[in-house]
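Listed below are the residues making up each chain.
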Amino acid sequence: LVALSYIQPGSVHAQLVVDEVVAVVGSKIILQSDIEKQYVQYIAQGAEANELTRCLILDQLLLQKLLLNQADLDSITVSEAKVDGELDRRMRFYIKQIGSEEKLEEYFHTTIRELKAELRDMIREQLVVQNMQSTITKDVTATPGNVREFFESIYPDSLPYIDAELEVA
């Protein structure tokens, strides 16, 4: 996404990047701002600030979008009451972590109401992802030993080659 900066008469039009698409999974997109929002939340929770954290966030967002795409296909949803409960729990945690509502608003440069509005969709997606994960794994009874035995019993030449599809721009 690109926006034009202030244009003075007789000047060259300069472009300023406002946000950019980092990845697309199905019909879901991941924006650079999504990564930055999650990064700020991790820091607010006391995590260490480094570039590896952003990579891990992107990895989590990619997995989340894959599961959301499947949840859409399987019609998996969550109730608004569950979203509200989780949103309230997180807000209490953030306030306790930072010290007060005023400090929280100052830290995120927004009001509590606006912060809740921003977090609502993200929390809904996370809850849908949790439901999708539990749906996928509900009948799984394999132990780590079972998995190890299975893969040790297969000849390396017998493992199928799985193509990966990537688009790099």
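Before reading on, note that the structure itself is shown above.
Residues numbered from 1 in each chain as written. Predicted model: local features only at pLDDT ≥ 70, side-chain atom pairs only at ≥ 80, totals over all residues. Heavy atoms only, no water.

*Asks:* What am I meant to see in the environment of Lys28 here?
*Replies:* Relative to the elements of secondary structure, Lys28 occurs in strand β4 (residues 28-31). In this structure, the C-alpha to C-alpha distance between Lys28 and Leu66, residues 38 residues apart in sequence, is 8.6 Å. Aside from chain neighbours lying at most four places away, what touches Lys28 is Ala23, Lys65, Leu68, Asn69 and Asp72. Within the structure, the side chain of Lys28 is placed 2.7 Å from the side chain of Asp72, a separation counted as a polar contact. (Helix = DSSP H or I, 4+ residues; strand = E, 2+ residues; numbered from the N terminus. Contact = heavy atoms within 4.5 Å. Polar contact = N/O pair within 3.5 Å; in protein donor to acceptor, adjacent residues only side chain to side chain.)

*Asks:* Would you mind showing me how to read the nonpolar core here?
*Replies:* One recurring pattern in soluble globular proteins is that nonpolar side chains are buried together. Counting residues in hydrophobic clusters, the biggest one holds 21 residues, and the most contacted among them are Met91, Leu104, Leu115, Leu119 and Ile123. Looking at this core, the element that brings in the most residues is helix α5 (residues 112-137), giving nine residues. If near-sequence neighbours (up to four positions away) are discounted, Met91 is found in contact with Leu104, Ile112, Leu115, Lys116 and Leu119. Listed in part, the six residues of the second largest apolar core include Ala23, Ile30, Ile35 and Tyr39. (Core = buried A, V, L, I, M, F, W, Y, C linked by side-chain atoms within 4.5 Å. Buried < 20%, exposed > 50% of the residue type's maximum accessible area, 1.4 Å probe, protein only.)

*Asks:* Help me understand the pattern of salt bridges, please; the structure alone is not making it clear to me.
*Replies:* Any two side chains of opposite charge can pair, on the condition that their charged atoms come close. Applying the stated rule across the entire model yields 10 salt bridges. Put simply, Arg120 and Asp84 hold a salt bridge, and the shortest N to O gap is 2.6 Å. Linking Arg120 in helix α5 with Asp84 in helix α3 (residues 80-98), this pair joins segments that are 36 residues apart in sequence. Note on Arg120: relative accessible area 26%, which makes it partly exposed. Residue class for Asp84 comes out partly exposed when judged on its relative accessible area of 31%. Among the salt bridges present, the one from Arg124 reaches Asp121, with a minimum N-O distance of 2.9 Å. (Salt bridge = Lys/Arg side-chain N within 4 Å of Asp/Glu carboxyl O.)

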